Amino acid sequence: MKRIGVFVCSCGSNIEGAVDVCKVVEAMSKEPYVVYAANCKYMCSSSGQELIGKAAAEYELTGIAVCSCSPRMHEATFRKAAASAGLNPYKVEIANIREQCSWVHKDTAEATGKAITLAKAAVSKLCRDEELYPQSFPVTKRALVIGGGIAGIQTAEDISNAGYKVDIVEKKPSIGGKMAMLDKTFPTLDCSACILTPKTVDISHNENVRIFSYSEVESVSGYVGNFTVKIRRKARYVKEDLCTGCGLCAEKCPTKNVPNEFDLGLGSRSAIYIPFAQAVPKVAVIDPDSCRMLKDGKCGLCSRVCGAKAIDYSQKDEITEEKYGAIAVATGIDPIDVTPFDEYSYKNSKDVITALELERILNAAGPTNGRLVRLSDGIRPKTVVFISCVGSRCTEEDERGKTYCSKICCMYTAKQAILIKEKYPDTDIYVFYIDVRAPGKNFDEFYRRAAEKYGVKYIKGMVGKVCDENGVLTVKAADLINNEQMMIGADLVVLAAAVEPDKTAKALASKLNASIDGNGFFNEAHPKLRPVESPTAGVYLSGACSGPKDIPETVAQASAAAAKIIGLLSKNTLESDPCTAHADELKCSGCSLCANVCPYNAITYIEKEFRMPDKTVKIRRVASVNAAVCRGCGACTVACNNGAMDLHGFSREQILAEVDSICS
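Described in the following lines is the structure provided in the data block. (Residues numbered from 1 in each chain as written. Predicted model: local features only at pLDDT ≥ 70, side-chain atom pairs only at ≥ 80, totals over all residues. Heavy atoms only, no water.)

### Re the overall build of the protein chain
A tally of helices and strands in the protein chain yields 19 helices and 34 strands. In terms of its C-alpha atoms, the protein chain occupies a principal-axis envelope of roughly 90 × 70 × 45 Å. Counting the 664 residues in the protein chain, one finds 53% classified as buried. The contacts in the protein chain between residues at least 6 apart in sequence include a share of 68% that link residues at least 24 apart. Here the protein chain holds 82 positive side-chain charges and 80 negative ones, and the gap between their average locations is 3 Å. (Helix = DSSP H or I, 4+ residues; strand = E, 2+ residues; numbered from the N terminus. Buried < 20%, exposed > 50% of the residue type's maximum accessible area, 1.4 Å probe, protein only. Contact = heavy atoms within 4.5 Å. Lys, Arg positive; Asp, Glu negative; His and termini not counted. Charge placed at Lys NZ, Arg CZ, Asp CG, Glu CD.)

Structure follows, in structure tokens:
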């Protein structure tokens, strides 16, 4: 006998302000199988959960319907309350009368009527709910971190310090990411390398950490706790276990004019090179597009001078397969390409540079050994103009840039202005800005120091054009405060370029079955309550892969992701959600439509014997669902022409019962 309890939440004034909860309780108390109906000010509170427990015991309830907010918020809460009361947690239904009623209707009668209808639909479904039980499966006690920047390093360090094995996959020859390219960090002006290098060295010596540098994730399969990942280890043409990082090969290499990626092409390197002095691993790598030996078979000088015999021109890419319990994405951000912004003359003038290029120029290990010079003639600039928001906060019609604020530009502009002023006090510096956004700890004081102590001229206005006439730059702009047009003769113009997700993010999201937003950043499971989890179970977000962040925020989020992963790896087994798809093998035709639409690759096909009515045996191809992989999205049930696919907890019978209840 079905005995259902209905609990209506007032949610303070959130629901009660538009819905007459007493009328909802009264209406539901008259519904078939409903033996108890009551309201509570806050059902998610401890008193609300106690009410569920007492009513379940007193009225011997077989299921409960909660009329409250979205199940996304508190479904787990009410399932736990039901389980504590001795009920099957999957005999709980939630009618969303907040987002779908009180928040969208101003008329009380209309909102109340809709709330009653939704509550009736929940009860109708509940009458057809079955008891479901989760499956248990073991957890692989190893984590994968994709990306070797400061976020990936911090995540791997925290996980390894908890005693778990971690692998870092980094596409570049060395870990370090963008932070390794910086000179100083705001707002404390610490040396970036002084902060980062000890961490990269420590992580390379950590016995729980393996670093797959110059590698990329080829494919990902499996599910939370049991991922199988194929990693492509690109050929270095140098044996990592033999190379000592002495640099003699790079010194003797005859090909010296290759643009250095680490210096953004402002300097040059040889065909065989170590990315930078503090590289980890400090192992040389050969650029196959520049090496004479690999291209023409003529040279081999690096092999002859290498005392460790580490050069191997016959190396090929290798595929390594590993198993992981959890995956952290730490792919980071890149500055956008500013060449489409023709008004700033970036393509035409060597003296118009990006902020990251200025970082390399100011860095003592950079292409100019830390001397601020114009790239056109090597002369120190006396007047420097910074242009903020290049490509940030663009209109939707301007496809060259991004509509969002890149968050870090205001602060690194202030930092670079201060660094120039400290080295060259006689330099005139102008900063054109839309708004100065400095919300972090000590950020506003830092920006004010640039303006008030160092005399950096901040001008609220837009730069319309940068003209390059015979090597002389003229910045044409508008001063919005003084309502006047300005023309400034500049020796150097620095563009604070917007940032965007790493170019590998979209392809990686597809491999991980993770979602990305309209700007290409990874989506969080919940932006407030689950900011370091992706909607895909077992995949976590570390650092700026989910949006622009400065270094402190990146490190904080990296540690948060690590904490979530440690919590997962600490469990010996995990339980799967039993609301998964299943196939009626007698109806299945083996057409593969369901497998083709499954976003989680949870459906495969097996050959199975069936005894026919004439007592003959026939082998048929039928669908088989891996319940541990299936996330219960229901795409397969819609695609199946034969009605063979159905969903536990959301069967056709249950859905149609809700529809009938709403329509009656």
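### Here we look at the nonpolar core
Judged by nonpolar contacts, the single largest core of 76 residues is most densely connected at V238, I272 and I603. A per-element tally of this core places helix α16 (residues 551-569) first, with 6 residues. Core analysis: the next-biggest nonpolar cluster, separate from the first, contains 45 residues, V92, C101, A111 and L126 among them. (Core = buried A, V, L, I, M, F, W, Y, C linked by side-chain atoms within 4.5 Å.)

### A short note on the packing of aromatic side chains
Within the structure shown, the criterion is met by 9 aromatic pairs. For the pair Y36 and Y59, a centre-to-centre distance of 4.8 Å together with 40° between the ring planes defines the contact as tilted. Taken together, the positions of Y36 in strand β2 (residues 34-40) and Y59 in the loop between α3 (46-58) and β3 (63-68) put the pair 23 residues apart, joining distant regions of the chain. Residue Y36 is classed as buried on the basis of its relative accessible area, which comes to 16%. Taken together, a centroid distance of 4.5 Å and an interplanar angle of 15° make the contact between F262 and F276 stacked. Remark: F276 occurs in the loop between β15 (272-273) and β16 (285-286) and F262 occurs in the loop between β13 (258-259) and β14 (268-269); sequence separation between them is 14 residues. (Phe/Tyr/Trp six-rings, centres within 6.5 Å; stacked < 30°, edge-to-face > 60°.)

### Describing the pattern of salt bridges
In the structure shown here, the tally under the stated rule is 40 salt bridges. Here E31 and K120 are joined by a salt bridge, their closest N and O atoms 3.8 Å apart. Taken together, the positions of E31 in the loop between α2 (21-28) and β2 and K120 in helix α6 (residues 108-126) put the pair 89 residues apart, joining distant regions of the chain. With relative accessibility at 27%, the residue K120 sits in the partly exposed group. For the salt bridge of D435 with R393, the shortest nitrogen-to-oxygen distance reads 2.8 Å. One end of the pair, D435, is in the loop between β22 (428-433) and α14 (443-452); the other, R393, is in the loop between β21 (383-390) and α13 (409-423), with 42 residues separating them in the sequence. Since its relative accessible area comes to 26%, R393 is described here as partly exposed. Ionic contacts of the salt-bridge type, sharing partners, join the residues R142, D167, R210 and E322 into one network. (Salt bridge = Lys/Arg side-chain N within 4 Å of Asp/Glu carboxyl O.)

### So, the packing of α6 against helix α19 (residues 652-663)
Helix packing geometry: the angle between the two helix axes and the distance between the axes. Relative to each other, α6 and α19 sit at 145°, their axes nearing to 8 Å. In this structure, the crossing between α6 and α19 has a hand that is right-handed. Residues T117, K120, A121, S124 and K125 of α6 lie in contact with α19, whose contacting residues are Q654, A657, E658, S661 and I662. A class-by-class count of the residues in the contact of α6 with α19 yields 3 nonpolar, 4 polar and 3 charged. (Axes fitted to C-alpha atoms, helices over the stretch in contact; angles between N-to-C directions. Left-handed = near helix turned anticlockwise from the far one by under 90°. Nonpolar A, V, L, I, M, F, W, Y, C, P; charged D, E, K, R; others polar.)

### Section: the side chain of D646
The residue D646 is located in strand β34 (residues 645-647) in this model. Separated by 3.3 Å, the side chain of D646 and the backbone nitrogen of R652 make a polar contact. Discounting residues that sit within four places of it in the chain, D646 has contacts with T580, A581, H582, T637, S651 and R652. (Polar contact = N/O pair within 3.5 Å; in protein donor to acceptor, adjacent residues only side chain to side chain.)

### So, the side chain of S661
In this structure, S661 sits in helix α19. Separated by 3.4 Å, the side chains of S661 and S124 make a polar contact. Setting aside residues up to four positions removed in sequence, S661 forms contacts with K120, A121 and S124.

### Notes on helix α7 (residues 150-161)
Given a rise of 1.5 Å per residue, 12 residues ought to cover 16 Å, and the 16 Å separating the end C-alpha atoms of α7 matches this to within 8%. Burial analysis of α7 places 11 of its 12 residues in the buried class, the great majority of the element. Against β6 (142-146), β7 (165-170), α8 (192-205), β10 (209-213), β18 (326-329) and α16 lie the buried residues of α7. At the exit of α7 stands G163, carrying a positive phi of roughly 100°. (Expected span 1.5 Å × (residues − 1).)

### Focus: unusual backbone geometry
A cis geometry characterises the amide bond from F186 onward to P187, with omega recorded as 0°. Structurally, the position occupied by P187 is in the loop between β8 (184-185) and β9 (190-191). At the junction of V280 and P281, the peptide bond is cis and its omega measures out at 0° in the coordinates. By secondary structure assignment, the location of P281 is in the loop between β15 and β16.

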